[in-house]
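# Secondary and tertiary structure notes
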Amino acid sequence: MRLQNKVALITGGTSGIGAATAILFVKEGASVAITGRDEERGHAVSEQILQSGGKAIFIRTDVRKSAECRRAVDETIAAFGKLDILFNNAGVFYPHTAVDCSEEEWDLQLDINLKGTFLMSKFALPPMIQQGSGVIINNSSGWGMVGGDKAVAYCASKGGVVLLTKAMAIDHGRQGIRVNCICPGDVDTPMLPEDARMRGLKWEDYLAGCANRPMGRIGTANEIAKGVLFLASDDSSFMTGAALVVDGGGIAD
């Protein structure tokens, strides 16, 4: 029960890493608010948690919009009385080079992946500062640490998340707030087969490429969630401004 009596807000919590993290956080004693744009999936995850005896709410939120980010924080605090943990997980990916990336898809990836992380943090920080404690975990990527092929906007946005993390850690460490980011590699979520489709690859061929990595497989959402739990809990009490890579050795190869 490493998160006993803690309150967590998780963006992009309707599937994949976000949903797995919400479920794991509840098992560790937290109350959770999950956000996303898909109301059906959001209510399904929150209902699953409620049926297990946990505490959860779903708040429909577009992290590109300042007013909706502020409302997500306000509704979390109204429901549970405080906010201890923010996991900025919402993200999108479209494979493009600089030549064929449209301005619209550049803006979409930067707005959701990077600006959304900034906006949610902007509104979560004041109540954390007021209570003198808090943890923010940002979801970056292995490709936020190194370049990736046909991922120019995604790499730019996720690299920005790494340095946004470090800057916030410096600004708010003495206020009792830790800010770290997690950098997953290829993970079995809905985003991965969609990446294969957009690249014109068969799923089995895509997986074969992943098999060349040091651990020879892709990761699971729950494996990433365990990394997020580590960063959210007191197990990482002397960590801030760090980028935790959980990628099966992908960027070490």
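Each remark here, short or long, concerns the structure printed above.
Residues numbered from 1 in each chain as written. Predicted model: local features only at pLDDT ≥ 70, side-chain atom pairs only at ≥ 80, totals over all residues. Heavy atoms only, no water.

## Some details on the side chain of T14
Structurally, T14 can be placed in the loop between β1 (7-10) and α1 (16-27). T14 gets classed as buried once you look at its relative accessible area, which sits at 9%. (Helix = DSSP H or I, 4+ residues; strand = E, 2+ residues; numbered from the N terminus. Buried < 20%, exposed > 50% of the residue type's maximum accessible area, 1.4 Å probe, protein only.)

## Notes on helix α4 (residues 103-131)
Counted at 1.5 Å a residue, the expected span for α4 with its 29 residues is 42 Å, and the 41 Å between its end C-alpha atoms agrees. By the largest-angle criterion, K115 marks the main kink of α4, which is about 40°. Looking at the residues trailing α4, positive phi occurs at G132, about 80°. (Expected span 1.5 Å × (residues − 1). Bend = angle between axes of the 7 residues up to and from the residue.)

## Some thoughts on the pattern of salt bridges
Counted according to the given criterion, the structure contains twelve salt bridges. Residues D62 and R64 are paired through a salt bridge, measuring 2.8 Å at the closest nitrogen-oxygen approach. Here R64 falls in the partly exposed class, since its relative accessible area comes to 28%. The salt bridge involving D84 is made with K82; its shortest N-O contact spans 3.2 Å. Classification of D84 as buried rests on a relative accessible area of 7%. Several salt bridges share partner residues, and in doing so they unite R2, E28 and D235 into one network. (Salt bridge = Lys/Arg side-chain N within 4 Å of Asp/Glu carboxyl O.)

## Some points on the packing of α1 against helix α8 (residues 221-232)
At a minimum axis separation of 8 Å, α1 and α8 run at an interaxial angle of 55°. In terms of their interaxial angle, α1 and α8 are classed as oblique. For α1 against α8, the interelement crossing comes out right-handed. Contacts from G16, I17, A20, T21, L24 and F25 in α1 reach A221, N222, I224, A225, K226, V228, L229 and A232 in α8. (Axes fitted to C-alpha atoms, helices over the stretch in contact; angles between N-to-C directions. Parallel < 35°, antiparallel > 145°, perpendicular 65-115°, else oblique. Left-handed = near helix turned anticlockwise from the far one by under 90°. Contact = heavy atoms within 4.5 Å.)

## Quick notes on the packing of α4 against helix α5 (residues 152-172)
Interhelical geometry of α4 versus α5 gives an angle of 15° and a closest axis separation of 8 Å. It follows from the interaxial angle that α4 and α5 lie roughly parallel. Of the two elements, α4 crosses α5, and the hand of that crossing is right-handed. Residues W106, Q109, L110, N113, L114, T117, F118, S121, L125 and I129 of α4 pack against V152, A153, Y154, A156, S157, K158, G160, V161, L164, M168 and H172 of α5. Here the contact of α4 with α5 is built from residues that sort into 13 nonpolar, seven polar and one charged. (Nonpolar A, V, L, I, M, F, W, Y, C, P; charged D, E, K, R; others polar.)

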